[in-house]
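# Examination of the molecular architecture
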Amino acid sequence: MALVTEEMVETFQRDGVVLVKGLWKDWVDVIRAGIERNMAEPGPYAAENLKPGEGGRFFDDYCNWTRIPEFRDVIENSPVAGVAAALMRSPTVQMFHDHVLVKEPGTSKPTPWHQDGPYYFVKGAQTVSFWSPVDPVTDATLRCVAGSHRWPKEVLPKRWLAETDFYPDPEAYMPVPDPDAEGMEIREWAMEPGDAVAFDYQTLHGARGNTAATRRRAFSLRLVGEDAHYIERPGRTSPPFPGHDMKPGERLREDWFPYLRRGAA
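Below or above, wherever it landed, is the structure these notes cover. What you see is a predicted model; the values in this text were computed from it and never measured.

Procedures and definitions
- Residues numbered from 1 in each chain as written.
- Predicted model: local features only at pLDDT ≥ 70, side-chain atom pairs only at ≥ 80, totals over all residues.
- Heavy atoms only, no water.
- Buried < 20%, exposed > 50% of the residue type's maximum accessible area, 1.4 Å probe, protein only.
- Helix = DSSP H or I, 4+ residues; strand = E, 2+ residues; numbered from the N terminus.
- Pairing = 2+ DSSP bridges.
- Salt bridge = Lys/Arg side-chain N within 4 Å of Asp/Glu carboxyl O.

Side chains of strand E8 (residues 142-145) alternate between two faces, with Leu142 and Cys144 and Arg143 and Val145 buried alike. Bridging between E8 and strand E11 (residues 205-207) involves 3 bridges; their strand directions are antiparallel. Bridged to Arg143 within E11 is Gly206. Note that E8 and strand E9 (residues 186-188) share 3 bridges and pair antiparallel. In the sheet register, Val145 faces E9, and the bridge partner there is Ile186.

In C-alpha cells form, the structure reads like this:
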C-alpha cells in the first residue's frame, strides 16, 4: 500500500496538514535508540521547557542528525524523502533540521500554539515537517489548524519558556490565537508509533500536556523543496546556524543542508 496518495497530497496542499500512517513503522526502534542517545548526550541547543514547580519533564533538542547515527540512518534510508517530494510537489528535497521533543508522564505543560516558519531563516511554498511519536498517543498528539498555512500574516513567534517575543518588531506579526476558543478547524489524530503528521512550516500547531502514565517521545524532521530560499529575519533565528554566510534569495547551502532527493523540474 502506498504511503502517500494523490488525495493525501491534495489534502496537504489545501489544509497544510495530513496524517501519513506508518511512515516510520519499520524505523521505530531506530528512532527510539536515537532519542535515548540524544537525551543522554544533549547537543548545544537542548532545552528543558518547564518552570520551577511544574511537574514532569519537557525536553527538546535539535540539529543533531550529523552526530547521532540513528537519525542519519532514518533520514537517508527511510521512505521520507519520497513522501516529502510528493506532498510538496517538488522534484527536490533538501534537509533542514531534525528535532526531538519528549514529554515525560505527568507533564501538564502544553506545547504552545505556533508556526515554525517565523522562527526560521527559510521561506517557500514547498516545505514540510514530519512529527512522529514512538509511543502511542491520544490526548498528547499534535494539533494543527487547517488552512493556517495560507494566512496573510505570520503568527508572532514566542520563546517557549520565557514567553517573551522572539523578535523586536511584534507589530509585523499577528498575535498568537486561541484556536479552541475561536472555533478554528483543528486536525488531530490518535497515533501509533511510526505514524507521522506532515505539515507545512506555516501551519499553526501545538500539543496538550502529557497526563498519561507513559512517555510521549516524538521525532520531527524538517525538509524543504525546490522554491525554498534564505531570508533575513529581524533577529537570531531558531535554529540559528551561526556562520552560514548565506544571502537573501539564495538556496540553502548544500554542504550544510544536503539534498535527499534530486529530480528534473
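Tallied over the entire structure, the rule returns 22 salt bridges. A salt bridge links Glu70 to Arg37, with the shortest nitrogen-to-oxygen separation between them at 2.8 Å. Of the two residues, Glu70 is situated in helix H3 (residues 69-77) and Arg37 in helix H2 (residues 28-40); the sequence distance between them amounts to 33 residues. Here Glu70 falls in the buried class, since its relative accessible area comes to 14%. Among the salt bridges present, the one from Arg57 reaches Glu48, with a minimum N-O distance of 2.7 Å. You can call Arg57 partly exposed: its relative accessible area is 31%. For Glu48, a relative accessible area of 40% translates into the label partly exposed. What you see here is one network of salt bridges that share partners, running through Glu36, Glu104, Asp135, Arg215 and Arg217.

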